[in-house]
Structures are given as C-alpha cells and as structure tokens.
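Geometric and topological summary
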Amino acid sequence: MTQDQSNAMWGGRFAAGPDAIMEAINASISFDKRLAAQDIAGSRAHAAMLAATGIISDTDADAIREGLLTVLSEIEGGAFAFSTALEDIHMNVEARLKEVIGEPAGRLHTARSRNDQVATDFRLWVRDQIDAAVTGLRALIGALLVQAEAGADWVMPGFTHLQTAQPVTWGHHMMAYVEMFARDMGRFSDARARMNESPLGAAALAGTSFPIDRWMTAEALGFDRPMANSLDAVSDRDFALEFLGAASICAMHLSRFAEELVIWSSAQFRFVTLSDRFSTGSSIMPQKKNPDAAELIRAKIGRIFGANVALMTVMKGLPLAYSKDMQEDKEQVFDAADNLMLALAAMEGMVRDMSANRPALEAAAASGFSTATDLADWLVRELGLPFREAHHVTGRLVAMAEAKGCDLPDLSLADMQSVHADIRADVFDVLGVHNSVASRVSYGGTAPEQVRAQVARWKERLG
C-alpha cells in the first residue's frame, strides 16, 4: 500500500499521515483549556513554594507568578492562541509563559509532573463545581419553600402508583422535594470534604527528591492537607466519580419533579400553570402550551447518568499509577456539570414562576375515595374494630359508592349502616379532605401546622 493510499483511508482530515492522527488522539487542549484558571492557580502556588524552600530564587518565582497572571489575562480576554501541537493546557500555558518572561519559565516545572499537575487542576475544578451545585440547590430549595409556605393548607391528592391515595397538601408535596434536594446538598458537601486533599508534589508517581513543602501548596490552594500516598495522588479519580454519583442522584430527583410538572400542567390535571418563560407554543396548534423546560430537564439527565457510567468504565481496568486513558476523565465530567447546573437553574425558575391551581387541586383531592383510609381509621378508633375488619368494611363502602357513582362523603348514613350497623353520623366529620389533612399531625405529616413547622425549620437552617 502506498503512502497516498494509506492517507486516503484516513480521510482528508488526516492527510498528513500518522503524525496527524497521533496529534488528534493525543491532544486534550480542545477541552482541558477549561482548567486554565485552576492550572495557573496551582502553578503560582508551586512557584511560591519553590522559592520559600530555596529550590528557585525569589526573583525567578516573582517573574513566574507575574507572568502567569499575564497569561491568565490573555486567556480570559480571548487573546490566547491555543495550540493542539502543545497537547494540553499545561504545555500551552508553560510555552506562553516562556514567551512572556523567558528563561525563568523553565524552572516552574521543577519538582512536579504533569501527572500531579493535572490531578490538582481537575480536583480544583470539580471542587468549584461542587460549590456551584450547592449554591444552585440552595436557590431551588428557597423557591420550594416559598411555594410550600403559600400552600401549606391547600389540599391536593397524594398518589401511589399514580392513583389517588390520600389527601395531602401542596405545601407538604413541595417539602418532600426540599428534603430530597437537601440530601443532595449533603452528598455534594460530603464529597467535597473527602476530595479536599492536594495531589501537588506527588510528581509523576513516586514523589520528589527536592525538599518541597506540600503543606504550603495545599494551604495556598485551599486544601485541608496533602494526599498521603503519591501513587494514589496521581491515579485517583474517586473525587470525580463521587461528584458524578452525587450529580446523578440529584439529576434523578430533578427528573422526577420534571415529570410531575409535565403531568400537572396537562389539560387533564390542570394542577399548575407554568410561566411563558419556561414554556413554548406549538407550530400548528395555537392552544398548546408545552412544558419544554421540564421535558428537557427530564431528557438531559441521561447525559449525567451516562457520564457516570463512562468514567467508571474508563477507570475500572487501570493499574496504578497514571495511564493515558485518564485523559478521558474530563469531557464527560464537564458535560455533566454543565447540564446539572442548567437543569438546576431551569427548575428553580419554573418553581419560582409556576402557579398552583388551588380549586383544581382541591377538586382532585376530594375524588377517588381519597378519604377511605380516614374512614378505616375512624372504625378502628371509634368502634374498636380490628384494622383488618375496618379495611374490609371500608372496601365494601367504596364499592357501594362506586356503584352509585358518588364518593364516600355522598353516601347516606343509612347506606353506611347497611354495611356496619354501628356507624354513626359523626363519621362524616372525617370524610372531608380538609379534616383528613388536618388530622395527620404526626411529625412529618401533611397537617398544615406540621408543614409550616418544617418550612420554618428549613428557613432557619438555610439562614
């Protein structure tokens, strides 16, 4: 096969031959340039430490640190020319630093490797994303608390199997998501605490013979301590996996809520009206108002789940320490973080803007024999029936109401006494949906007083 034939197989993009293919597969600058700020922060801390320990001169360290600020300014201003030939963000920054300050730039890489450098950069970036996710979750929880407080006593149906189960309140339903998203905040915070150790100074894999001060660089970068094993420091991506795990659970919660908003905003339910800011119209059906933001949240979650699986797959077969496979650790994490933040912002906006249709909620709460459990409880409490017998009696009354085409409160006392002679007129006190929700006063229940207490607790906790 001739060189020309070989090039034709690779296609026009790789007309230059194997060198072009290797450059394309080896380079990561197209995506790891997002680490520029973290890379420069790590290098500035490293240079300061090298000077403090006498490894390089103060003059060289000052030149390096000032030159790095110039490079960062160029990157942030869009004036920096990234080069694929220089492979990654680290080499791009270092090459430009040499152009800016000359010979001292060559001393920056003393006592470190790209292995510990990238591990540090990526850790710093993920830590920043965790902080952003927690901020986004706090904002979403704040929006939910506003909804919960306003609708603490607005009755609505509670569902199991998407079938009417028992009456609850709008506020109680909103507070369920407060609890879920608060646990997500906890998972992100836990992950942050575990990952907040510095790999810098682990060098390629074995540490260094230079008298570096890893505690100094750790402190300068906001880490709690240096990582205790140099092999682990350069080969660990647990921090990214844990971020993706927490992001996946959070995304699942967002998707569940998005699904409910899609259902609730339908003409069949009419539980909520989403604002025009988070809805679209139809190209041919003028009556349509589509919950596109909720649907897109529901769909984008797959990208976050996929990122989690992808990085697990990359890491599962790697021996210690560093392998080039680990260059594939970033793109999916970047994408997952972007989509998580977008979903959080969209959900917060929808929650703040949406209006609950109180009459529709109440009408739905009163349908579907939603107070059947209240009737069974009354039979146990007032007539002393064993719960299983009360369950049976209630089931017969539900069947009777269904046959008559009415709900339980619409049955006459005579109807009820035909099933159990001891039923009294005060049974009707428990068959109203407002009485039902008011009676659920156990801690964490749907009684308005309980909902308001939980809202107050969370408002105090979030400050």
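Just so it is clear, the model here is predicted, and its values are computed rather than measured.

1. Topic: the overall build of the protein chain
When its secondary structure is counted, the protein chain shows 19 helices and six strands. Computed over the C-alpha atoms, the radius of gyration of the protein chain is 31 Å, more than 25% above the 23 Å expected from 2.2 N^0.38 for a compact globule of 463 residues. When its C-alpha atoms are laid out on the principal axes, the protein chain stretches across 100 × 55 × 40 Å. Within the protein chain, counting contacts between residues at least 6 apart in sequence, those at least 24 apart form 72% of the total. The protein chain carries 43 positive and 60 negative side-chain charges, and their two centres are separated by 2 Å.

2. Some remarks on the confidence of the model for the protein chain
Residues at a pLDDT of 70 or more form 94% of the protein chain, whose mean pLDDT is 91. Confidence over residues 1–10 falls short of pLDDT 50; this stretch has 11 contacts with residues more than four positions distant or in other chains.

3. Quick look at the domain arrangement of the protein chain
What the domain assignment lists for the protein chain is domain 1 (20–107), domain 2 (114–363) and domain 3 (366–462). When each unit is reduced to the centre of its C-alpha atoms, the spacing between domain 1 and domain 3 is 69 Å.

4. Concerning the pairing of strand 2 (residues 163–169)
Where strand 1 (residues 155–160) meets strand 2, six bridges bridge the pair, whose relative direction is antiparallel. Bridge pairing in strand 2 places glycine 158 opposite glutamine 166. Where strand 1 folds back on strand 2, the antiparallel hairpin that results is connected by two residues, among which histidine 161 adopts a positive phi of roughly 60°.

5. A closer look at the environment of arginine 277
Mapping arginine 277 onto the fold places it in the loop between strand 5 (272–273) and helix 12 (292–315). The exposure class assigned to arginine 277 is exposed, which follows from its relative accessible area of 63%. It is 10.0 Å that separates the C-alpha atoms of arginine 277 and alanine 346, two residues lying 69 residues apart in sequence. Among the polar contacts listed, one links the side chain of arginine 277 to the side chain of aspartate 353, at a separation of 2.8 Å.

6. Here we look at the UniProt feature "domain: Argininosuccinate lyase C-terminal" (unreviewed entry) in the protein chain
UniProt records the feature "domain: Argininosuccinate lyase C-terminal" (unreviewed entry) for residues 369–438 in the present numbering. Summarising residues 369–438: 61% helix, 0% strand, and an end-to-end C-alpha distance of 17 Å.

7. A few points about the packing of helix 8 (residues 170–195) against helix 11 (residues 238–264)
One way to put it is that helix 8 packs onto helix 11 with a least axis distance of 8 Å and a crossing angle of 165°. Classified by the interaxial angle, the pair formed by helix 8 and helix 11 is roughly antiparallel. Both helix 8 and helix 11 take part in a crossing whose hand is left-handed. Split into classes, the residues belonging to the contact of helix 8 with helix 11 amount to 17 nonpolar, two polar and six charged.

8. Considering the packing of aromatic side chains
Summed over all chains, the structure comprises 11 aromatic pairs. Pairing phenylalanine 122 with phenylalanine 239 gives two aromatic rings, centres 5.5 Å apart and planes at 75°, and the pair type is edge-to-face. Note that phenylalanine 122 is positioned in helix 7 (residues 114–150) and phenylalanine 239 in helix 11, a separation of 117 residues in sequence. Relative to phenylalanine 257, the ring of tyrosine 177 has its centre 4.2 Å away and its plane inclined at 20°; by these criteria the two rings are stacked. Here tyrosine 177, found in helix 8, pairs with phenylalanine 257, found in helix 11; they are 80 residues apart in sequence, far enough to count as distant. The class of tyrosine 177 is buried, set by a relative accessible area of 4%. Through pairs of rings, three or more aromatic residues link up here, namely Phe159, Trp170, Trp264, Phe269 and Phe271. In this structure, arginine 34 packs its charged tip against the face of phenylalanine 334, placed 4.9 Å from the ring centre. Above the face of the phenylalanine 223 ring, arginine 127 is positioned so that its terminal group lies 4.9 Å from the ring centre.

9. Some remarks on helix 7
Taking 1.5 Å of rise per residue, 37 residues should cover 54 Å, and helix 7 covers 54 Å from first to last C-alpha, within 8% of that figure. Across the 37 residues that make up helix 7, a large majority, 26, are buried.

10. Describing the layout of surface pockets
What the largest pocket holds in volume is close to 600 Å³. In terms of lining residues, the largest pocket is bounded by 26 residues, among which Gly158, Phe159, His173, Ala176 and Glu260 are the most central. Taken together, the elements giving at least two residues each to the lining of the largest pocket come down to strand 1, strand 2, helix 8, helix 11 and helix 19 (448–462). For the lining of the largest pocket, the leading source of residues is helix 8, giving seven residues. Its residues assigned to classes, the lining of the largest pocket shows 12 nonpolar, 10 polar and four charged. If you count residues domain by domain, the lining of the largest pocket takes at least three from each of domain 2 (114–363) and domain 3 (366–462).

11. Quick notes on the side chain of aspartate 184
Note on placement: aspartate 184 falls in helix 8. Of the residues examined, aspartate 184 reaches a relative accessible area of 0% and is grouped as buried. Within polar-contact distance, the side chain of aspartate 184 engages the side chain of histidine 253 at 2.9 Å. The contacts of aspartate 184, once residues within four sequence positions are left out, are Leu137, Ile249, Cys250 and His253.

12. Structural notes on the pattern of salt bridges
The final tally for this structure, using the stated rule, is 27 salt bridges. Here arginine 114 ties to glutamate 87 by a salt bridge, and the two come within 3.2 Å at their closest N and O atoms. Remark: glutamate 87 occurs in the loop between helix 5 (58–76) and helix 6 (89–101) and arginine 114 occurs in helix 7; sequence separation between them is 27 residues. When salt bridges with common partners are traced through the structure, they connect Arg381, Glu382, Arg424 and Asp426 into a single cluster.

13. Thoughts on the nonpolar core
Judged by nonpolar contacts, the single largest core of 102 residues is most densely connected at Trp170, Phe188, Leu254, Phe257, Trp264 and Met347. Looking at this core, the element that brings in the most residues is helix 11, giving 16 residues. Contacts of leucine 254, omitting those with residues within four sequence positions, involve Leu140, Phe181, Ile297, Leu340, Ala343, Leu344 and Met347. With 21 residues, the next largest nonpolar core counts Ala376, Leu397, Met400 and Val427 among its residues.

Definitions and limits used
Throughout this document, residue positions are counted from 1 along each chain, in the order its sequence is written. Confidence filtering applies because this is a predicted model: local features only for residues at pLDDT of at least 70, side-chain atom pairs given and counted only at 80 or more, and all residues used for totals across whole chains, interfaces and linings. Here the side-chain values reflect all heavy atoms present in the structure, with hydrogen atoms and water set aside. Only DSSP runs of H or I with at least four residues qualify as helices, and only runs of E with at least two residues qualify as strands; both kinds are numbered from the N terminus onward. For this measure, only C-alpha atoms enter the radius of gyration; the expected value for a globule follows 2.2 Å times N^0.38, where N is the number of residues. Should any heavy atoms of two residues lie within 4.5 Å, those residues are considered in contact. Think of it this way: Lys and Arg go in the positive column, Asp and Glu in the negative one, and His and the chain ends go nowhere. Working definition for charges: the position is that of NZ of Lys, CZ of Arg, CG of Asp or CD of Glu. The score called pLDDT rates the predictor's confidence residue by residue, from a low of 0 to a high of 100. Residue ranges assigned to the domains are those given by an automatic or database domain assignment. Any two strands with at least two DSSP-identified bridges between them are counted as paired. Whether a residue is buried, partly exposed or exposed follows from its accessible area with a 1.4 Å probe, protein chains only, as a fraction of its type maximum: under 20%, in between, or over 50%, in that order. By the criterion applied in these results, polar contacts are pairs of N or O atoms within 3.5 Å in which, for protein atoms, one can donate a hydrogen and the other can accept it, and in which residues neighboring in sequence qualify only through two side-chain atoms. UniProt positions are given in the numbering used here, feature names are shortened, and annotations may be inferred rather than shown by experiment. Lines fitted to C-alpha atoms define the axes here, with helix axes fitted over just the stretch in contact, and angles between the N-to-C directions of these axes take values from 0 to 180 degrees. Here roughly perpendicular refers to angles of 65 to 115 degrees, roughly parallel to angles under 35, roughly antiparallel to angles over 145, and oblique to all remaining angles. By the definition used in this description, the sense in which the near helix is turned from the far one sets the handedness, with an anticlockwise turn below a right angle giving left-handed and a clockwise turn giving right-handed. Each residue gets one of three labels, nonpolar for Ala, Val, Leu, Ile, Met, Phe, Trp, Tyr, Cys and Pro, charged for Asp, Glu, Lys and Arg, and polar for the others, Gly among them. Put simply, two rings from Phe, Tyr or Trp (the six-membered ring, in Trp's case) pair if the centres are within 6.5 Å, and we call them stacked under 30 degrees between planes, edge-to-face over 60, tilted for the rest. Only Lys NZ and Arg CZ are tested; either one counts as a charge over a ring when it is within 6 Å of the ring centre and within 35 degrees of the ring normal. Each residue after the first adds 1.5 Å to the expected span of a helix. In this analysis the probe radius is 1.4 Å and the grid spacing 1 Å, with only protein atoms considered; a cavity is a set of points the probe fits into but cannot get out of, a pocket is an open set with protein on both sides within 12 Å along at least five of seven lines, and lining residues have an atom within 4 Å of a point. Grid points are joined across faces, edges and corners, and a volume is the space filled by probe spheres set on the points. Salt bridges, as used here, are contacts in which a Lys or Arg side-chain nitrogen is within 4 Å of a carboxyl oxygen on Asp or Glu. For our purposes a nonpolar core is just a set of buried Ala, Val, Leu, Ile, Met, Phe, Trp, Tyr and Cys residues, chained together by side-chain atoms within 4.5 Å.

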